[in-house]
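An overview of the molecular structure
For reference, the chains in residue letters:
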Amino acid sequence: MTKIPVSRGVSKVEYAIRDLVLPATKLENQGHKIIKLNIGDPLAYPNFPTPPHMLNAYIEALNNQKNGYSPSYGIEPLRSAIANFEKNQKNGGWNCKSSDVYITSGVSEALLILFASFLFPDDKILTPGPFYPPYVSYPPIFQSTAIQYRLKEDDNWKIDFDDLKNKLDNNVKLLSIINPNNPTGSILEKNEILQLIEIVEDYPNCTIVSDEIYNKFNFTNEHISVASLSKKIPVITLNGISKGYFAPGWRIGYIAIHDPKNKLEYVRDGIEKLLRGRLSAPTPAQHGFLAALTESDQWREEYNKKLIKQRNYCVERINDINGLSVKKPKGAFYIFPKIEDNPYKNDKEFVLKFLEQEKVLLVHGSGFSKDYGKEHVRIVYLPDIKILEIAFDKLKSFMK
Ligand SMILES: Cc1ncc(COP(=O)(O)O)c(C=O)c1O
């Protein structure tokens, strides 16, 4: 019987982080216990539960029958709370109005909506390499191409501006930044952002997309919103509840549009049409996010203290293992060590062998870029030090 082919765009979609779950599940089905350091889901570990005031607000919304569709752009009090949050960011806010904010089902949906609204066939999007996979695998769905600009590992994963300039042209519609970065944990310095904006100012077709979903994991206090520094270039900020508010299963994110020269009128119209077409983001979860933004954030201090301790532990353990090296990441909850001395064919085989022998699951760096991520592994440091200790003991013995 003739099989129906999957569309050309979707046939290219890859998501390395979850692809490795298949061999891990096979081992689990054979009765093995796997230590999973692969997925950036804070709720996968008992260490960081969703704060109770958020749960209460969600439950209250359910009990009060707030179970219908919400307005397509999101409930107004949440849009307004997000605008306040963007306006009052400690290191630099921007003049965000509630009408600039659109609530989506996670940043993942926001990306699809943005790409669908911006990209013509043969347009390009520049994305950092290493990259978060949807920035590379989604554009082909819209017959567009993602091109990576290099982050320099030997310079704390800063942007290689020569490489970026070589790759920018008038077909680049979007330039994406992930700040703090997944998978490297780097944070852009103010002068890097200013330099980037200055370069983009020569390209009138280009809009910056700044994914700031890890901005609450800003351990050196350097994080600055890109929108706050742009006077001409449109900047679209993406953020949500998945990481900084420990509720990824609620599927809430947002798009916030800073458009100082009113260049995005038509695109914004397209974004709004798509949002109306897909009806709404989950309603009760929006009430949960509202509580997160309007009630005290004091609980975060303890969470971040714990995370910093875990990060420092990982740096120490990694640099103590022959054949691995890493610099201290400044943010997010990932560490991306280099495999200096890989006895296997490549980083993916390294990860698979480590899984097979020691039952610990990491993600291979080439899943985040075959050019700029290979010969690395990404480790999530959300689990408790006791679990990390076991994992690193196993990694040390594996490297021997
Ligand atoms: C950089 C980045 N953006 C977006 C997402 C997904 O966000 P959401 O859960 O809001 O769809 C992730 C998840 O790991 C991420 O690392």
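All values reported here derive from a predicted model rather than from experimental measurement.

**Some details on the site of the ligand**
Around the ligand sit Gly106, Val107, Ser108, Tyr132, Ile178, Asn182, Asp211, Ile213, Tyr214, Ser242, Lys243 and Arg251, and that is every residue in its neighbourhood. Take Val107: an N or O atom from its main chain is 2.7 Å from an oxygen atom of the ligand. Calculation on the ligand without its partners gives an accessible area of 400 Å², and the protein chains cover 94% of this total. In terms of residues, the shell around the ligand owes the most to one element, helix α6 (residues 106-118), which gives three residues. By residue class, the composition of the shell around the ligand is five nonpolar, four polar and three charged.

**Re the pairing of strand β15 (residues 377-380)**
In summary, the side chains of a regular strand alternate between the two faces of the sheet. Residues Val377 and Ile379 of β15 are buried on one face, and the alternating residues Arg378 and Val380, pointing to the opposite face, are buried as well. Bridge analysis of strand β11 (residues 334-335) against β15 gives two bridges, and the strand direction is antiparallel. Among the inter-strand pairings, Tyr334 is bridged to a residue of β15, identified as Val380. Of the strand pairs in this sheet, strand β14 (residues 363-364) and β15 are connected by two bridges, and their pairing is antiparallel. Directly across from Val363, in β15, lies its bridge partner Arg378.

**Some remarks on the domain arrangement of the chain**
Per the domain assignment, the segments making up the chain are domain 1 (8-49 + 299-399) and domain 2 (52-294). One C-alpha centre belongs to domain 1, the other to domain 2; they are set 25 Å apart. In total, domain 1 and domain 2 occlude about 3,200 Å² of area from one another, counting both sides; carbon and sulfur atoms represent 62% of this. Along the contact surface separating domain 1 from domain 2 lie two salt bridges. Between Lys330 and Glu222 there is a salt bridge whose closest N-O contact spans 3.3 Å. Viewed at the interface, domain 2 and domain 1 are joined by 14 residue pairs in polar contact (both at pLDDT 80 or more). At the level of secondary structure, the elements contributing two or more residues to the side of domain 1 that touches domain 2 comprise α1 (8-11), α12 (299-319) and β11.

**Comments concerning α12**
Taking 1.5 Å of rise per residue, 21 residues should cover 30 Å, and α12 covers 31 Å from first to last C-alpha, within 8% of that figure. Residues of α12 that are buried include every one of Trp299, Arg300, Tyr303, Asn304, Leu307, Gln310, Arg311, Tyr313, Cys314, Val315, Arg317 and Ile318, and no others. Residues of α12 that are buried make contact with α4 (52-63), β10 (324-325), β11, β15 and α14 (385-399).

**Quick notes on the sheet that holds β11**
Reading across the sheet, the three strands line up as β11-β15-β14 and stay open at both edges, with antiparallel pairing between neighbours. Strands at the two margins of the open sheet, each flanked by one partner only, are β11 and β14.

**Overview of the environment of Ile257**
You can see Ile257 is positioned in strand β9 (residues 253-258). In this structure the C-alpha to C-alpha distance between Ile257 and Ser99, which are 158 residues apart in sequence, comes to 8.9 Å. Setting aside residues no more than four positions away along its own chain, Ile257 makes contact with Trp94, Asp100, Tyr102, Val235, Ile236, Leu264, Arg268 and Ile271.

**With respect to the sheet that holds strand β6 (residues 172-178)**
Within the open sheet, the eight strands sit side by side as β2-β9-β8-β7-β6-β3-β4-β5. Their pairing is mixed. Whereas interior strands pair on both sides, the edge strands pair on one side only; in this sheet they are β2 (101-104) and β5 (158-159).

**Some words on the environment of Tyr334**
Within the secondary structure, Tyr334 is located in strand β11. Spatially, the C-alpha atoms of Tyr334 and Lys26 are 25 Å apart, while their sequence positions differ by 308 residues. When residues no more than four places from it in sequence are discounted, the contact partners of Tyr334 are Gly40, Asn182, Pro183, Gly185, Tyr214, Lys243, Pro329, Arg378, Ile379, Val380 and Tyr381. A polar contact is formed between the side chain of Tyr334 and the side chain of Tyr214, at a distance of 2.5 Å.

**Regarding the pattern of salt bridges**
All told, the structure shown has 19 salt bridges when counted by the stated rule. Across the pair Arg278 and Glu109 runs a salt bridge whose closest N-O atoms are separated by 3.0 Å. Placement of Arg278 in the loop between α10 (265-277) and α11 (283-294) and of Glu109 in helix α6 is noted, with a sequence separation of 169 residues between them. Glu109 matches Arg278 in its accessibility class, with the two residues each being buried. Because the salt bridges share partners, they merge into one network encompassing Lys152, Asp155, Lys158, Glu189, Glu222 and Lys330.

What counts and what doesn't
Residues numbered from 1 in each chain as written. Predicted model: local features only at pLDDT ≥ 70, side-chain atom pairs only at ≥ 80, totals over all residues. Heavy atoms only, no water. Near = heavy atom within 4 Å. Polar contact = N/O pair within 3.5 Å; in protein donor to acceptor, adjacent residues only side chain to side chain. Areas by Shrake-Rupley, 256 points an atom, 1.4 Å probe, with all protein chains shown as cover. Helix = DSSP H or I, 4+ residues; strand = E, 2+ residues; numbered from the N terminus. Nonpolar A, V, L, I, M, F, W, Y, C, P; charged D, E, K, R; others polar. Buried < 20%, exposed > 50% of the residue type's maximum accessible area, 1.4 Å probe, protein only. Pairing = 2+ DSSP bridges. Domains from an automatic or database assignment. Buried area = accessible area lost by both parts, 1.4 Å probe. Salt bridge = Lys/Arg side-chain N within 4 Å of Asp/Glu carboxyl O. Expected span 1.5 Å × (residues − 1). Contact = heavy atoms within 4.5 Å.

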